[in-house]
Structure formats: structure tokens, C-alpha cells
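Observations on chain architecture
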4 protein chains.
Amino acid sequence: MAQYFDQFEKIAYEGPESTNPLAFRHYDAKKVIMGKTMEEHLRFGACYWHNFCWDGFDIFGAGTFDRPWQKPGNALEMAKMKADVAFDFFSKVGTPYYSFHDVDVAPAGNSIKEYSENMKVMMDVLAQKQDETGMKLLWGTANAFSNARYMSGAGSNPNPEVFAYAASQIFTAMNATKMLGGENYVLWGGREGYETLLNTDLRQEREQLGRLFQMVVEHKHKIGFTGTILIEPKPAEPTKHQYDYDTATVYGFLKQFGLEDEVKVNIEVNHATLAGHSFHHEIATAISLGLFGSIDANRGDAQLGWDTDQFPNSVEEWTPVMYDILRNGGFKTGGLMFDTKLRRQSIDPADFFHGHIGGMDTCALALEKAASLIESQEISSIVADRYAGWSGDLGKAIMTGDYSLESLATQAIGDNIDPKHVSGRQEELENIVNKHIFSK
Amino acid sequence: MAQYFDQFEKIAYEGPESTNPLAFRHYDAKKVIMGKTMEEHLRFGACYWHNFCWDGFDIFGAGTFDRPWQKPGNALEMAKMKADVAFDFFSKVGTPYYSFHDVDVAPAGNSIKEYSENMKVMMDVLAQKQDETGMKLLWGTANAFSNARYMSGAGSNPNPEVFAYAASQIFTAMNATKMLGGENYVLWGGREGYETLLNTDLRQEREQLGRLFQMVVEHKHKIGFTGTILIEPKPAEPTKHQYDYDTATVYGFLKQFGLEDEVKVNIEVNHATLAGHSFHHEIATAISLGLFGSIDANRGDAQLGWDTDQFPNSVEEWTPVMYDILRNGGFKTGGLMFDTKLRRQSIDPADFFHGHIGGMDTCALALEKAASLIESQEISSIVADRYAGWSGDLGKAIMTGDYSLESLATQAIGDNIDPKHVSGRQEELENIVNKHIFSK
Amino acid sequence: MAQYFDQFEKIAYEGPESTNPLAFRHYDAKKVIMGKTMEEHLRFGACYWHNFCWDGFDIFGAGTFDRPWQKPGNALEMAKMKADVAFDFFSKVGTPYYSFHDVDVAPAGNSIKEYSENMKVMMDVLAQKQDETGMKLLWGTANAFSNARYMSGAGSNPNPEVFAYAASQIFTAMNATKMLGGENYVLWGGREGYETLLNTDLRQEREQLGRLFQMVVEHKHKIGFTGTILIEPKPAEPTKHQYDYDTATVYGFLKQFGLEDEVKVNIEVNHATLAGHSFHHEIATAISLGLFGSIDANRGDAQLGWDTDQFPNSVEEWTPVMYDILRNGGFKTGGLMFDTKLRRQSIDPADFFHGHIGGMDTCALALEKAASLIESQEISSIVADRYAGWSGDLGKAIMTGDYSLESLATQAIGDNIDPKHVSGRQEELENIVNKHIFSK
Amino acid sequence: MAQYFDQFEKIAYEGPESTNPLAFRHYDAKKVIMGKTMEEHLRFGACYWHNFCWDGFDIFGAGTFDRPWQKPGNALEMAKMKADVAFDFFSKVGTPYYSFHDVDVAPAGNSIKEYSENMKVMMDVLAQKQDETGMKLLWGTANAFSNARYMSGAGSNPNPEVFAYAASQIFTAMNATKMLGGENYVLWGGREGYETLLNTDLRQEREQLGRLFQMVVEHKHKIGFTGTILIEPKPAEPTKHQYDYDTATVYGFLKQFGLEDEVKVNIEVNHATLAGHSFHHEIATAISLGLFGSIDANRGDAQLGWDTDQFPNSVEEWTPVMYDILRNGGFKTGGLMFDTKLRRQSIDPADFFHGHIGGMDTCALALEKAASLIESQEISSIVADRYAGWSGDLGKAIMTGDYSLESLATQAIGDNIDPKHVSGRQEELENIVNKHIFSK
Ligand SMILES: [Co+2]
Ligand SMILES: [Co+2]
Ligand SMILES: [Co+2]
Ligand SMILES: [Co+2]
Ligand SMILES: [Co+2]
Ligand SMILES: [Co+2]
Ligand SMILES: [Co+2]
Ligand SMILES: [Co+2]
């Protein structure tokens, strides 16, 4: 079915004044910003999962998409047709990267042996596709949540056999990721949580997950995988509560199991907001804890309580995020993966392109605005002023431990200190950001 | 103004059939449950702050309460009148414990020196009141959030002088807590957070707080305070984001600064729900991480996005919580503090009693139901069955590290394992809980 | 597959002390409360939809249930097997009523003609089943949301042909409901809303829905259907925004199209909370507007942003609701329909019973507590006192229009009135409710 | 204290490239867009309430602002000083309009007589200020929520004397608004709701409010006030539930009391989001119901559950809103009122200007982008296509009532219709909007 996208050409950059809906207006892959091309900064990826495996069903209705590669047929043949379509799309939309879950690309089969065989077959297909198209793998992962066997968890399952089954998939998917030159391996714990505390032993399940992640890290080193292991936090859905709730929670988890130098986070925008945080908050927190890895670049809906996985379209939301990423050194092995779904009503082949083009232009524009903010130093100089006291004598002495609570209190009361409060300048800072977004 | 509550007698236990609204129907202080009296299990406390310092104002309206001790007058004299009223109430409602912020009990004065003097005076007053009434101090704390100087944080303030001011209050309040025999010292970071990430250095502020909490722990040991240091998590309000968001976040924070064996959490019910968790979740998480300390026993409103600090009235919500606390050994130094507010429209002296009686009866009843659940073993035996596999050969071998990812996967694929999924029995477990709550 | 529930007997009432998990502890169908039996008050129903049509899939995973009647096979034969199982269950669990969507009971077929033929066949099957078992139909409805044709709405679809298709199903389902003696007909607008305002004409879509509902009411009268037409409000999910958001919204809609005396609401608990209201609020609002019709008796999860459709298990939540329903005359044609789902992990046949038994006992207990509250008059007398002024001269004169704004203001200023505020007694009222729930 | 803003000049338009933080970059008052000036389109107003009456307190802390006109002193003298400062600010920031609550501008006094006298005095002061500065009054209103007497409601109070007191204030404030040439009169029901359903008679309170609003409308006509009466919906805060929850709720209320042609809505951005709607939704709903009146142009915080009343800063959020307003004829008597608060930490005089300038530039830019969208017709033509069927024979016949449910169903089944579903084009539409926002 490679002909599915035959009517479309490779998407080109045509500039802000273009009226062609199938062109980039802002993403100019080879344009240099602060010493790197846009392509190198943004490291875009498109996903197999939502694009090619989902048929448009939701909890109240059947699929709407009618994709040829989702018809009944020989499973391996259909998987190859899907790969043809997928790589045709990836190439045409122009993301340098793609990503997959194991069973997105290879049939799960009727047993773990069949699964294992199918993976072998399909990894060769993917390797060949990568060669032909130049596509690179941003990350691989294992789907240990869709099959009924995982209904009570994978690593955190009360049955150690299910743990073993999940371990087999992860082993296979890690090896496949390495073989395909993947730059990261993602752990998303879709069922690693609980439905009710009444039947759940939190400490036990946490220890199981801790052991599993240690095994993953050990295996990474054993096989010489040089990419990054990423945990993707999410607070809930499908579970009532997921153990990797948010970045701060993941940090504590990693510290407990001695993994904080081995694992980073893959932050998905809508997961941040479902956890009660802004996207910016999760990124800033990950950076401040040394955990920033990669981004699933979708968006949620501020009024809806589930993961809508829409394409990003807010330059305003993304500019401060890009600002923080850029001034902290940018992506290393991570990138901007569109782990995004078309709307269930967006059933046309062209809609695939509209979604990704909009998302890529949004992020590209935010990158430009962020670079402008960095270069102007308007924000950074205000922030530096605000904390200047901590570079002074008192501030340094406090932080280096020269004071005890008693000696500090005694001095402060003795001096009868009376510190003044000064403006936080929030509105002014917000105006500066908007000046850079909208003033040219 | 000790006569404020003169029309009320000490509240007595009269049993479930009592129709006296000013009697306990379920809290029978000396009744023995699983080897301890209700009083020993529940360790109730009433607070100074909401009961005697708040005048009923809210963000849209002025105070409604018209309390005599809040009239204009000499600050120290009014503080003494307030102490008279407070201890009269504490004694009559019959909580063995009370709690305070420094400036609840002593006038803040016009300088840190005045504050320090006022604290000395009022600590003697409180000591005498404790002697006279037999009241004990569950915890003390310092209010480092209400004064304008703390608008940008206390320990996390960009100005180290404000840090020093806060340290002086904490030093004073810790010493006072020790002198009064307090069993815990609480750190609530009301302004320890941010309003906008644009003016905030997350890493810097986190390190400031880490150093402050280390100073607190060092001071505890220096003065020989044998109580527990407690952090009270809250996700937001008054700040946009508070650093001690929830228990999982606090755990990561403590691990980072080497404090996880020194500090525990004081969980407030409404703070749990504002953070997107059930109250039960926060308690179970704290227990599973070894952080469970104490409880601020109020409730929120499921439809409102701020801390309503209402009195607890749900036996259904509290029973599973008490079940977890009880089967994990109960409170040590912690207790059930009513950090609760009367509704702004509940302006009568009698309303103080209605609020506390309802809260105490709710918790007492939940304690009885929890004991019944424990004794029946109906839930614990179902849970034990559910995880039985982890006591078997495979489970043990996984957890002790006998398997690598590869050896486990190889064995699982070789055996072509096919684990079955079994019912999670959620509805049945919920029915068991309700049987214990409602069936006698 | 009638043998699916062969291992189960009809569920019996055994009283509060029973330890049999497959017995009622509180629902005693023939027990008389305030002049009617529990069965007559509660009018329980069980549903076809979640119980027998859903296979346990969710948005992240495949079905877990493995029900025999959901296997591949001849569609009409499978529909008959499903009816056998369903009526066996309905009879054994002992709800007097059941409910269905058209395509729950009859295969949708490959065309509207096939659908129409299948409905004829299956309505005879259902009629016979009703005769055999004595089951009665609480309500019927048409599913105009699951098929891909309805992805952009049914009555509110931009394409009038889809409107016509939906009208055909509603026509068929209304006639079927009448033929089977159904007591209500439900309109749930699962897709009657929007995904984005950018492609939506709100006024146009509202007028389409208004016309559709007028057609429904006209048809009701034409065929002599004596039951009640019910709208089931829901704020969102699957749509971004559903037009029948909540009861207050439905009221405005009905007023606009002159339908306020013809249509009532079917309130689903979780839809209330997703709309930002308590369940109690929606019931009290419906009663105050004269719109109260029926209830879908499920519950949501206070921390999750989607419709979890769990079985009710909170006597505390249901008691004030039952109090309001009972003191306002109880159900007329409506009842308590369990539009509830087993948890995806609750895969055993016994779990069907655990879910419904827990729900029925919860509502039965709440009915008893509500009757106790009514009989004591403790709450009603406090409320009557509170509003007494409106039965006085000033209150009556204001409400009957004797005052203009000017005359009232002139009098008030002239008299220099100074009304006092009195306690709202909230904590006391909450204690009264708990006294009735827990004191015997 | 007119010298408070002496260091500031009138804010000027300097264009997008200006680096002056105290200049407009986008709001060019006299620039003509689609036939009207920006000033005429946007009708900006600044408010008395948050700017000059609030001292920076929040529920956890004291005021931070230290404004000279909020010091102790003779109440009328301080009110005059406040008016000097306020009009100096209004004039310098350059909004053509302002707004006030009665007690923002005149001291409430110790009795309703004193209040009435103070209002007379201060209305003369305001009239003179208007004359001197050319400022116009967008709306007046009465504060019937801050005083303790209103703790249980104003119009909906259980005590008719409180209703009379509120009526006196409304009478006085309406007359004042007329006298000052105000273009609207606003009713915001801050306490018109409930805290607990247990002590509340919903039907009674609704009827009281209905009567009050009828009295207001009658008075409007009696005094010949030609402005618009506006209700400002809000779902909650300070109450648990406010009766004018959202626009749809207000519509039903107005229909019940026959006021739908007399009253419109004043939509506040953050009130929309607290009610679970997007701002755009509330505006589009109001327009579709013929209720659109005016806007309180603030913003909320997507992660916080209370009204933060921040200045608008999202061109992305405002562009579709302006698009809907503009293509439906723009404001009539309404306008864009900054019912906005500086952050509690924004304590400098300059912060007043930063906040308003940012808000005005945001709305001005959104206006330009909206005009561009209208002129291109890209969105409107897609929407027109989408609904084209409703202008065809079938569509028209359905809407004019030519079909009954039966005749439509009979025809559809007879024809065996099979409507196809077509793409909703959401991503494409979103890209079109962003093209207009960002492509020049
Ligand atoms: Co993702
Ligand atoms: Co997602
Ligand atoms: Co607290
Ligand atoms: Co609180
Ligand atoms: Co329902
Ligand atoms: Co539902
Ligand atoms: Co407003
Ligand atoms: Co507001």
C-alpha cells in the first residue's frame, strides 16, 4: 500500500508567506540558529503507534479511518505493508527520526515464541527501510500494556510470570533498538500502577519495578547500548495512579534504586498537564534535577481529563520551554517525537501532513523565539539580579554551611535585620517574552 | 475573655444513641481497641491558627466572626486573652493535644527583636496553661509566609536576609517547641514555591531549602529535641507551585539532601486531593516509603480548587486510611490535628464544638471499622493470595538478582510461558469494606 | 450460553449480619419504608450495554473478559445467546428492570434496512424474554454515537442525511420501547457536541437538536407512548463539549424549544462530577426546576477526568440524594439504572454479582437513612427556620411584586435597617446527617 | 497622592520594534481596522477594584503593596485621594473607560444612610474627574458580597432584610451609573450561591434572584437608563456553587424569568475556565444565544483552581475570540474591562503599567489577527462547505418541520441511505489560524 501517500510530495520549506498548506512556513531544516541547524536542534520524530496502528476508535465508538493496512490478512504481510506506508510518510514529512513499540511493527503472534520470530523478521525489514530512506530511530520501546495479560501490570504485576513475559519483550525490544542504531530506549509504564489500593501492595510493586529497571540498565551496559534509557512519566490513564506520576516522583524512584545517573525522563506534554503541572514546569524540573532526556511533543486539552495527544500548536507554550532547553545545552540523545494522534474525525491522508506540519512549524518558530530571548539576555539579567544576594558574603556562607541555625538566628536577631521585599516583575517578564514572540 | 465558652461544659461521650448535639457518639476516649485506648490511638489535637487567629475573612469579604480577642488593644494582653479562650476550648472539647504557629500565640511585633521578646513572654504563658489544663503540644511551627517580607519565599527567597529572618523564627519556634514538650516540629512551606518560572531558578531555590532543612535537623540534634521533624506537603496555594508538592516529591527531596531518615511527612487531607491524589493514596505512599508521620485531619471539597479546611465527616474515606495506619503500627509521635476552619457562616461559639465533635466522632468510628477489618483478615488474605507468586521460586529469584534481563527472557521464551490473568476482585473488596462499615 | 451463570442462584436478602458475599445485606425488596416497598422506591435496573456488550477493552488495551457470546458467529444467533445470558443474569440479581440501546440487543447490520429487520426479530425475542422472566423495561434508547457515520454528531451532524439516519434509529427504538412496555425513552447525545469551535456553527447545531427533540416529542404523542422522554446530561467525553452539559444547560435548551414540560433528565452520577458539580447538586437542581426524571446509578473517581462508570458504594454520598428524592415524592417513571461497568480486571462471572449487590445494598441503605432523616424533621425544621422571613410581611411583599427597587430602597434607607447575620449551622447539619447514617 | 504616578508619562504607541517597556507595541488607538479604530473596537477599561482597593493580601498573607491611599485616615478624604490616583492612572495608561463597585469609590460607612450620603459626595467627585480627564464609565456595580451581612447571599439571602439592603445598594449604584453616563450596569453574584445544600432551598433562592433581577430591569426602564444590564457568570468562589454558573445556566435563568431580551452576559475569562469551559466556548455560546454583552479581560492559571485575575497575555487564546466577536458585529455597549490584579509580588508603581500595557497589546494584536482571518475567508468558507447540506432540500425540509420522525425514518429506511463521513479538518483549520497569527 505504498501508494497510500502517492499523491503527496516531500514537504518543502516555503517560508512564512507561503499559502501552500502542504509546506513548512517556519521549519527550515538547514537554517542555522545559534550554531546548529534547526534539524540538529529539534531532532523531530514521527511515530508508528498513533499514526499507523490506531484505527480511530475511542471508548464510545468504532474506528473511522479505514486504512488499507489494517484490513484482515496475513499478519506479517500486513506488517510489511504498514512499514512501506510508514516509511513513505516519514520520508515525505521530513522528520529525521521515527519511533516504535515492538508490536507496532511486528505481529504479537499467539505466543512469546511467535512474537520473538516476528520481531526477527521485521527488524530486518526496518533495517532495510532505514537504509533505503535514511530514517533514523529516535527510540524503541516494548508495549507491555495492551495485551490482556498485562491488565494488572507488567513489571509490577502480582504474578512473576507476567514480569518474565514483559522482561522478554523488553529484552527483545532493547536488542532491536540497539541493532537499528536507536538513540534512546523508552520505558512507559502504562499499566504500572493501581486501580484500587485495596488489592495493592505499594511497597512490593515499587520494588519489583526497581528491580526491573536495574535489570534494564545492566542489560544496556552488557550489550553496549550507548543510547539513553528514558522513563516517560504519566500520572494516570489507563490506571487510577501510575507509579511514574511526574518527574519529581521519578527522581525519588531513581534515587531509591541508585539509578539517577543512568536514566532520564521523556516528558510528554499532556502527561505534564494531567499531573497538575504546566509543560514548562516538567521541563524545568527535569533540567534542574539533571534528568532531562527527550520530549513527546503533543498537547492536551485544558478542559479534558484524559490524554488527547493532539499536535502541538502553541508557540506561546513552547517558547519558554525551548528557552530553557536551549540555554541548558539542548537535546543530547533526545528529540521531539510526535507521539500524537490525528483527531478521530481527521480521516483523510492529507490530515497526516497537516498535523505534522503544524507541529513542526510550531516548534521551529518557538526555537527561533527562544534564541532571540537568549541572545537579548533581557530575562537572564533580571533573574541574575534577583538572586545576586546569594553570591554575596551572607548567601555564600549560608550555602557552604558556615552557619548553624543558631548562629544565623543569633546574628540576625542581634542585628535586628529588616529585609525589604522587592517587585517580582512578573508582568514585565511576560511582556518581554511576548515582545520576542510577536515583535518581528 | 475566658467567659467566651462559659456556657459550655466539657464534652462527654454519650454513645451512638445520644441525641445531644454537644456530646460524642463514637469517641470514647478510654475505650480499648486492639490493646490501646481510643485516645492513645487517635492522639487528637486542636489548632490555634484557624480557630483563634482567623476572623472569617475570605478573598471576597471581610471577617464575619466578631471574636472579642481580635479587637484592637495591647498586643500582648490580647495574646493572653486569646490563650485563655483557646485553652478553655481545648480543655472542653477534650483533645489531648494542641498546636500553634509562633505568631498565632505571640505578637509578631515591629522587629525581630520584639518578636523574640514576645515569644519569651508567651512561652511562659503557654507553659503555665499546659500545667493548669494538662494539654500537650502535638507540634509547633513558625509562620514564615504571612508577613509581606516572605512574599517571594522564606528559605527559598532570592534574598539571603529573608532566609536569615526565617531561620530566626524557626530557631525560636523549635526552641519553644522543645521547651513546651512538643512531640513534633512542622515545616510548612507556604511561600516556598514560585509564581512564575520566568523569574525563578529552581535549582538554586531547591538547594537553599535543602540547606535550611539540614540546618533544622542539625539544630534538632544539638538541642536534644527528641520529637519528629515533619514536612507538610502541599502542591500549590498560595504559590503557583509549592516545592513540597506531595509525599513522593518530598521523598525525592529528602533523598537528595540525605534527610530521608530524619524527616517525615505531615499529610493534610485537602493537600492530598489538591495534588491529584486521594487522601488514602498519600497515606499509603508515605507508609510505603517509611515517611509516615502525622495528619492534619481536615477535608476539602471535591468540586473546589482550593484548600477549604473543613472538618472531616466521612467514615467511608477514613476507614481505609485508619486500616493502613493501624496495621502498620499506628502513630508514633504524630497524631490527628484538626487544622480545620469553621465555615465563614458558622459564627456561633457552639459551632466550634459542632465542628470538632463531628470530626472526632468520624475518626473514632473509622478506627473501630478499621480494627474490625484487620481482625477479620478478609482483605489481607485476598491480598496475600494475590502476591503469592513473589514468595515462590521465580519471584524470589527475580527479586534477589539471580536473573539478568537476558537470562530471564531466554528462559521465558524457551519455556514459551503463557501466564493467565485473574480477577482483581475490586468490587468484592469494596463490598467487604462496606460490610465492616455498615453491618452492625 | 445460558449456562454462563448456572453456578449462581437468585440473590437473596440475608440481613446485615450475613457473611455471604452473594447475598443482600440491606436490599430487602419487600420491606416497607414510608409506605412503599424498597423495590417500589428504588426501581433498580441492570443494563445490557456495559454488562454484555463491552469486552473489557480500553483505549490502551484489548478486551480482557473472554465472554462466550462475544465470539465470532452468526450475528442474530449471537444476539439471541446474549439475550439468554442477560435475562438469566437480570433475573438472578433481582433488579425488576433492565435497559438497552438498540444495537446492544440487535445487530446493526450492514445497512439501515438490515438494522430495521434485525430489530423486528430481536424485539420479539425480548418480548418473550420479558414474559418468561417478568423483567420490565425501564428505558430504551438508540445508539447514535458508536458507528463511524456519527463521528461528527447525529442530530447535530453537518450532514442532514446523518440526521435522517439517526432519526430512523430513534423512530425504531421508540417504537420498540413502546411495544415492550418501556417506562421511559432516553436521549444521550454522545456525539452531540464539538471537537473544535473552528469548524462548528453552535447556533445551527443547537437548532438541529431542538428540531430533533421536538420530532421525538411529537412522535411520542402520535404513538401514544405514555412513558417519559429523558435527556441524559454529560459535559464532555467523547466530545470536547457536549450540548447537554448539565441539568441547568438542559433546562435552558428545553425552554428555548418549548419542551420544558415534555422532557426530564436522566442524571448519571459521574456525568455530574465531570461537569464540576456534586451528584447531589444535579439532583437538587433537577428537582428545583421540575426536571427530575431518572438516575444512572454509577460513580466516578474523584481523581480521574473520565467516566469510570463504577458501581455506587457510598452511603454517605447517596443519603442526602435519597433524602431529596424521597421528600419530593420519589421516582415516577424513573428508577435507579446501573449504567455501570465492572473494572477491566474484574473478569469472573461472580464479579457481575459483586458489583450489582454492592450497588443495590448501597442505595437501599441510603434509602433507609433518608427515611430516618425525613421522619426526624431535624434538618427540615432548621431549614424552615432559616427562611422564615420570606413568609413574613416584608418577604411576601417583595416576592409578590409589591415593591419596586426604588420603593424598597427608599424604605430600607429611611428605616436605616441593619440586618444581622446568623450562623449557617453547616457543621451541625452535617453531624445530624452522620448521626442518622451511623447511629444504629 | 496624585504624585504616585508622577514619574510616568501617558503611554504612547511606538510600534512593534520599540524596546521601551512603557510603550505600546501593538495598541495604536487610532489605527483603523475593518472600518473602525482600535479604540472603537476594543473599548478598553481599567478597574478601580483590584487596582486601587486591594492591598495585596491573600488568604495566607497580609498586604504587600503599601499604597499611600490605603493608610488610616478620614474615609472620605482617602476616597478622594484614591480618585486622584485612579484617574491619573486611567488617563496615563490610556483606556477610554473605567469601572467601579459602589464601595470601591465611596466609603461604606457605618450604616446604609452614611453609605447613601457618601455615594452622593463621591459621585460628584467622579463626575468632575470624568469631566477633567475625558474618562468614560464602562460599567458600575454594587458590591453586595464583601460585608459580613452578605455572608449568606444578597438577593438570595434567607433574610429578606438583607435582600432589601442589597436592593438599596443596587438602586443607588444604578442611579449613579446613569448619572455618570455609564454604558452598562453589572450584576455579579459573589455570594449568590450556596455553601451546603443541607441548609439551602434552591427553588426559593432562585425565585428571590429572579424577582431581584426583574426589579433591576424595571428600574432601568423607569429611570431611562439606556445601557445594558449584564450578569457576570461565575461557577464558584467564594461560594461552593454560584447560581450564575456559566452562560448556558444564565440563559435558562433568564428564560425562566422572562428576562432573556433584557439582560446580557459579562464574560470573565477565568470564570469560563473555572466552569470547565474554554474562554472561546463561553463567548461563542453567548453569541449563539444572543446574550453577548461585555468581557472582563483577565486570565486564569490552567493549573490553579481559583480566580487569579491575571492580565491577558495570550494572542493565541484571544485571536479566535476576537474573530467570533468581530464577525458577529463587535461590541455594542460592552468592552474589554481589565478586571485584573497585579501579582502580589508586583509591588512597584511601574507594575501597574506593565500589566495593562501587556494586556492591551495582547488584545490589539488579536484584533489584527482576527481581522486578517475574516478577510481571508479561509475558515468561513470551510465551515460553509461543511454545513452546505442544511441549505439543500432535505436539510431545509427537516428544519421547517416538513418531516415527522416517522416520515423521515420511513423515507430513510426506504431509500436505504448510507451517508459517508468526511474529514473534520481540525488540524488544517488550526494551521490556518496559526498562519494568520505568525505569518508576518
Ligand atoms: Co508518549
Ligand atoms: Co499521551
Ligand atoms: Co495543615
Ligand atoms: Co489546609
Ligand atoms: Co448513562
Ligand atoms: Co457514564
Ligand atoms: Co469580573
Ligand atoms: Co475574577
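Everything discussed here concerns the structure shown above.
Rules behind the numbers
Residues numbered from 1 in each chain as written. Chains lettered and ligands numbered in written order. Predicted model: local features only at pLDDT ≥ 70, side-chain atom pairs only at ≥ 80, totals over all residues. Heavy atoms only, no water. Donors = N, O, S within 2.8 Å, 3.2 Å for Na, K, Ca; no water. Tetrahedral: all angles 85-135°; square planar, octahedral: opposite > 155°, others 65-115°. Helix = DSSP H or I, 4+ residues; strand = E, 2+ residues; numbered from the N terminus. Buried < 20%, exposed > 50% of the residue type's maximum accessible area, 1.4 Å probe, protein only. Arc of directions from axis to C-beta. Contact = heavy atoms within 4.5 Å. Least-squares fit on C-alpha atoms with pLDDT ≥ 70 in both. Pairing = 2+ DSSP bridges. Axes fitted to C-alpha atoms, helices over the stretch in contact; angles between N-to-C directions. Buried area = accessible area lost by both parts, 1.4 Å probe. Salt bridge = Lys/Arg side-chain N within 4 Å of Asp/Glu carboxyl O. Polar contact = N/O pair within 3.5 Å; in protein donor to acceptor, adjacent residues only side chain to side chain. Nonpolar A, V, L, I, M, F, W, Y, C, P; charged D, E, K, R; others polar. Core = buried A, V, L, I, M, F, W, Y, C linked by side-chain atoms within 4.5 Å. Phe/Tyr/Trp six-rings, centres within 6.5 Å; stacked < 30°, edge-to-face > 60°. Lys NZ or Arg CZ within 6 Å of the ring centre and 35° of its normal.

**Things to note about the coordination of the cobalt ion (ligand 6)**
Residue and element names in this part refer to chain C. Taken together, the protein ligands of the cobalt ion (ligand 6) are E268 (OE), H271 (NE2), D307 (OD) and D309 (OD), with distances of 1.7 to 2.7 Å. Viewed at the metal, the four donor atoms of the cobalt ion (ligand 6) are separated by angles of 76 to 151 degrees, and the geometry they form is irregular. Each donor residue of the cobalt ion (ligand 6) lies on the same chain, and together they follow the pattern E-x2-H-x35-D-x1-D. Between the cobalt ion (ligand 6) and the cobalt ion (ligand 5) the interatomic distance amounts to 4.5 Å, and E268 serves as a bridging ligand to the pair. Of this pair, H271 sits in helix 9 (residues 269–274) while D307 sits in the loop between strand 13 (292–296) and helix 11 (315–327), placing them 36 residues apart in sequence. Of the two residues, H271 and D307, both sit in the buried class.

**With respect to the coordination of the cobalt ion (ligand 5)**
Ideal geometry at a metal centre: 109.5 degrees between donors when four sit tetrahedrally, and 90 or 180 degrees when six sit octahedrally. Residues and elements named next belong to chain C. Taken together, E232 (OE), E268 (OE), D296 (OD) and D339 (OD) make up the protein donors of the cobalt ion (ligand 5), found 1.8 to 2.1 Å from the metal. Viewed at the metal, the four donor atoms of the cobalt ion (ligand 5) are separated by angles of 90 to 163 degrees, and the geometry they form is irregular. Within one chain, the residues donating to the cobalt ion (ligand 5) are spaced in sequence as E-x35-E-x27-D-x42-D. Assessed through its relative accessible area of 2%, E268 is described here as buried.

**Quick word on helix 15 (residues 405–415) of chain A**
Residues of helix 15 of chain A that are buried: L405, L408, A409, A412 and I413 of chain A. Along the long axis of helix 15 of chain A, the arc covered by the buried residues comes to 120 degrees, so they all point the same way. Against helix 14 (393–399) of chain A together with helix 5 (112–133), helix 6 (160–179) and helix 7 (202–223) of chain B lie the buried residues of helix 15 of chain A. Once helix 15 of chain A ends, the next one or two residues include N416 of chain A, with phi positive near 45 degrees.

**Points about the relation of the copies chain D and chain C**
Put simply, the second copy of the chain is the first one after a rotation about an axis and a shift along it. Mapping chain D onto chain C is achieved by rotating through 180 degrees and translating by 0.0 Å along the same axis, at an RMSD of 0.0 Å. When the rotation and shift are considered jointly, the pair of chain copies conforms to a two-fold rotation axis. Using C-alpha coordinates, one finds that chain D approaches the rotation axis most closely at G252 of chain D, a distance of 1.8 Å. Interface residue correspondence from chain D to chain C reaches 100%, placing this contact among same-surface, isologous pairings.

**Thoughts on the sheet that holds strand 7 (residues 136–141) of chain A**
Residues and elements named next belong to chain A. Ordered by their spatial adjacency, eight strands build a closed barrel running 5-6-7-8-10-12-13-14, and the pairing between neighbours is parallel. The average angle at which neighbouring strand axes cross in this sheet is 30 degrees, direction not considered. Pairing of strand 5 (residues 44–47) with strand 14 (residues 336–338) involves three bridges; the strand directions are parallel. The partner of G45 across the bridge, within strand 14, is M337.

**Regarding the interface of chain D and chain C**
If you look at the interface, chain D gives 93 residues, while chain C gives 93 residues. When the two sides are added together, the surface that chain D and chain C hide from each other amounts to roughly 8500 Å², 67% of it contributed by carbon and sulfur. Connecting chain D to chain C are two salt bridges. The shortest N-O distance in the salt bridge between E406 of chain D and K222 of chain C comes to 3.1 Å. Along the contact surface separating chain D from chain C lie 33 residue pairs in polar contact (both at pLDDT 80 or more). For the side of chain D that touches chain C, the element with the highest residue contribution is helix 7 (residues 202–223) of chain D, accounting for 13 residues. A per-class count over the side of chain D that touches chain C returns 45 nonpolar, 32 polar and 16 charged.

**Some thoughts on the nonpolar core**
Residues W318 of chain A, W318 of chain B, W318 of chain C together with W318 of chain D are the most contacted members of the largest nonpolar core, which totals 541 residues. Those residues in contact with W318 of chain D that sit more than four places away from it in its chain are V269, F279, I295, A297, P312, L336, T362, C363 and A366 of chain D.

**A few points about the side chain of N143 of chain A**
Turning to its location among the elements, N143 of chain A is positioned in the loop between strand 7 and helix 6 (160–179). What N143 of chain A contacts, discounting residues up to four positions off in sequence, is W49, H101, D102, V103, Y150 and Q169 of chain A.

**Considerations on the packing of aromatic side chains**
All names here are of chain C. Inspection of every chain in the model, using the stated rule, returns 149 aromatic pairs over all chains. Measuring from centroid to centroid gives 5.3 Å for F5 and F89, while their planes differ by 40 degrees, and the two rings are tilted. Separated by 84 residues along the polypeptide, F5 in the segment before strand 1 (12–13) and F89 in helix 3 (residues 75–93) bring together distant segments of the chain. There is no split in this pair, since F5 and F89 are both buried. Overall, the relative accessible area of 0% leaves F89 in the buried class. When the ring centre of F65 is taken as reference, the NZ or CZ atom of R67 above it lies at 4.1 Å.

**Some thoughts on the environment of D66 of chain A**
Residue and element names in this part refer to chain A. By the element assignment, D66 lies in the loop between helix 2 (49–53) and helix 3 (75–93). D66 sits in the exposed class, given a relative accessible area of 58%. Measuring from C-alpha to C-alpha, the distance between D66 and S156 comes to 36 Å, with 90 residues separating the pair along the chain. A polar contact is formed between the side chain of D66 and the side chain of K71, at a distance of 2.5 Å.

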